[in-house]
Amino acid sequence: MRPGGTTPADAPGGSTPAGPAAAPVLLQVEDLRTGFEADGRTLVAVDGVSFTLHVGETLGLVGESGSGKSVTAFSIVRLVQPPGRILGGHVRFRGRDLLALDEAEMRRVRGADIALIFQEPSTALNPVYTIGDQIAEALLVHGRASRREALDRAQELLEAVRIPDPATRLRDYPHQLSGGQRQRVLIAMALACHPALVIADEPTTALDVTVQAQILELLRDMQQRFHLSLLLITHDLGVVAETADRVAIMYAGRIVEEGPVRTIFREPAHPYTRGLLASIPGGTPGERLHAIEGTVPSLDALPRGCAFGPRCPDRFAACDAERPPAYPVGADHTARCFLHRTT
């Protein structure tokens with residue numbers, strides 16, 4: 001059972017016409033491509049990714065390990081490290097293309113307008129600085145407060161993310177906190193400058209089930225309290241069902257299906273999505289778990305056509321010949337699968 005105890009089909013997620021999808025566009029990613037140099041070749045890890053995130057909306061970016069989710073996140077905030085590099089595309093935030101900014105301008109965006117919650121708090125937090133100093137640093141770097149004001153704000157943020165005795169915890173070091181408390185500190189750091197967009201990269205992966213549920217509840221509460229848009233990156237469909245309005249399914253660096261959460265869970269249109277949903281535990285006790293046959297292809301040996309083709313139970317000739325485009329299969333719902341080609 002996933003955190004919260006509800007099944008994906010019963011989850012409250014899903015946009016309505018009057019919901020976030022009707023709000024203004026905050027982030028628009030268009031044909032984003034990111035690759036890594038290896039042995040004189042460029043291996044493309046993010047291959048033509050496009051999606052839109054509206055003000056106040058949560059978009060879940062889902063896929064197996066190695067599908068390109070985290071590389072997409074780091075590409076958006078231009079933190080891809082060599083030998084990786086962004087090959088092309090556009091990342092428009094509030095209408096401004098982040099890929100066209102110089103590094104000084106980009107530094108003013110990171111942390112202040114777009115914040116990133118890292119996957120592993122033990123490595124994201126500096127072990128030799130106190131919690132208070134690390135939260136205050138974000139405010140000081142962006143000139144949002146004096147040191148005294150920054151520490152006062154840090155205490156308020158610790159209280160907001162429900163850490164007991166925040167005045168004392170300000171003076172603690174990361175090793176003195178539990179895993180769940182360290183993750184709450186990362187959330188507090190992300191919220192310090194009141195960003196419009198928070199990118200959460202696998203924020204519950206290193207936590208036990210009970211703490212996962214608490215962190216997800218905290219993220220939802222913080223989103224409403226601070227009027228955030230959230231890009232939630234995860235391999236856990238249960239987390240998406242609990243939290244997101246829309247979901248984009250990634251496979252081998254490409255988005256293969258995108259749509260409202262309720263639609264995707266009730267009427268999945270891509271064979272890969274159907275395989276992921278079928279593999280979620282929770283059926284009859286003792287029943288054998290379902291799995292998708294085969295393995296994710298290596299970036300240096302991608303099929304010519306559909307990347308999922310070699311594993312697909314519905315594969316036919318067209319799948320091997322070319323890459324499928326995104327076909328509309330319903331309201332705000334697309335799938336890159338020739339099964340939905342009408343001509």
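Residues numbered from 1 in each chain as written. Predicted model: local features only at pLDDT ≥ 70, side-chain atom pairs only at ≥ 80, totals over all residues. Heavy atoms only, no water.

A closer look at the overall build of the chain
How we decide: Starting at the N terminus, helices and strands are each numbered in turn, a helix being any DSSP run of H or I of at least four residues and a strand any DSSP run of E of at least two. Our radius of gyration is a C-alpha quantity, and the globule rule it is checked against amounts to 2.2 Å times the number of residues to the power 0.38. Throughout, exposure labels follow a simple rule: accessible area from a 1.4 Å probe, protein chains only, divided by the maximum for the residue type, with under 20% read as buried, over 50% as exposed, and the rest as partly exposed. What sets the accessible areas is the Shrake-Rupley method with a 1.4 Å probe; for residues, cover comes only from the shown protein chains. Under the counting rule used here, the positive set is Lys and Arg, the negative set is Asp and Glu, and His together with the chain ends is not counted. All charge positions are set by atom: Lys at NZ, Arg at CZ, Asp at CG, Glu at CD.
The number of helices and strands found in the chain is twelve helices and twelve strands. Since a compact globule built from 343 residues should have a radius of gyration of about 20 Å, the 21 Å found for the chain is in line with a globular shape. Each of the three principal axes of the chain carries a C-alpha extent, and together these read 65 × 50 × 45 Å. Relative to its 343 residues, the chain shows a buried fraction of 50%. Counting every atom, the chain has about 15,800 Å² of accessible surface; 51% of that belongs to carbon and sulfur. Computing the positive centroid from 35 side-chain charges and the negative centroid from 40, the chain places the two 2 Å apart.

A closer look at the packing of helix α5 (residues 147-160) against helix α7 (residues 179-191)
Inclusion rule: Orientation is described by lines fitted to C-alpha atoms, with helices fitted over the stretch in contact, and by angles between N-to-C directions that extend from 0 to 180 degrees. The labels follow the angle: roughly parallel below 35 degrees, roughly antiparallel above 145, roughly perpendicular from 65 to 115, and oblique for the rest. Helix crossings get a hand from a simple test, with the near helix turned counterclockwise from the far one by less than a right angle marking a left-handed crossing and a clockwise turn marking a right-handed one. Here, residues are in contact when the closest pair of their heavy atoms is within 4.5 Å. Three classes are used: nonpolar for Ala, Val, Leu, Ile, Met, Phe, Trp, Tyr, Cys and Pro, charged for Asp, Glu, Lys and Arg, and polar for all others, with Gly counted as polar.
Following both chains from N to C, one finds α5 and α7 inclined at 130°, their axes separated by 9 Å at the closest point. In terms of orientation, α5 and α7 fall into the oblique class. Handedness of the α5/α7 crossing: right-handed. Residues Arg153, Leu157 and Leu158 of α5 form the contact with α7, whose own contacting residues are Val185, Ala188 and Leu191. Within the contact of α5 with α7, the residues separate by chemical class into five nonpolar, no polar and one charged.

Topic: the pairing of strand β9 (residues 246-251)
Which entries qualify depends on this criterion: Pairing between two strands requires that DSSP report at least two bridges joining them.
Among the six residues that make up β9, six are buried, leaving the element largely enclosed by the rest of the structure. Burial along β9 is two-sided: Arg246, Ala248 and Met250 facing one way and Val247, Ile249 and Tyr251 facing the other are all buried. Here strand β3 (residues 58-62) pairs with β9 via four bridges, running parallel. Within β9, the position partnered with Gly60 by the bridge is Val247. Inspection of the sheet shows β9 paired to strand β10 (residues 254-260) by six bridges, in the antiparallel sense. Within the sheet, the bridge partner assigned to Tyr251 lies in β10 and is Arg254. With antiparallel pairing between neighbouring strands as the criterion, β9 and β10 make up a hairpin whose turn holds two residues, including Ala252 at a positive phi of roughly 50°.

What about the state of the cysteines?
Formally: The disulfide criterion is simple: two cysteine sulfur atoms within 2.5 Å.
Counted by the stated rule, this structure contains zero disulfides. Cys312 provides the cysteine sulfur closest to Cys319, a residue in no disulfide bond, and the two sulfurs are 6.0 Å apart. Classification of Cys319 by relative accessible area gives buried; the value is 8%.

As for the pattern of salt bridges
The following threshold applies: Take a side-chain nitrogen of Lys or Arg and a carboxyl oxygen of Asp or Glu: if they are within 4 Å of each other, that pair is a salt bridge.
In this structure the tally under the stated criterion is 20 salt bridges. With its nearest N and O atoms 2.6 Å apart, the salt bridge here joins Asp133 to Arg147. Of the two residues, Asp133 is situated in helix α4 (residues 131-141) and Arg147 in helix α5; the sequence distance between them amounts to 14 residues. Look at Asp133 and you get partly exposed, because its relative accessible area is 26%. One salt bridge in this structure joins Asp314 and Arg274, with 3.0 Å as the shortest N-O distance. Residue Asp314 is found in the loop between α11 (271-278) and α12 (317-321), and its partner Arg274 is found in helix α11; the two are separated by 40 residues along the sequence.

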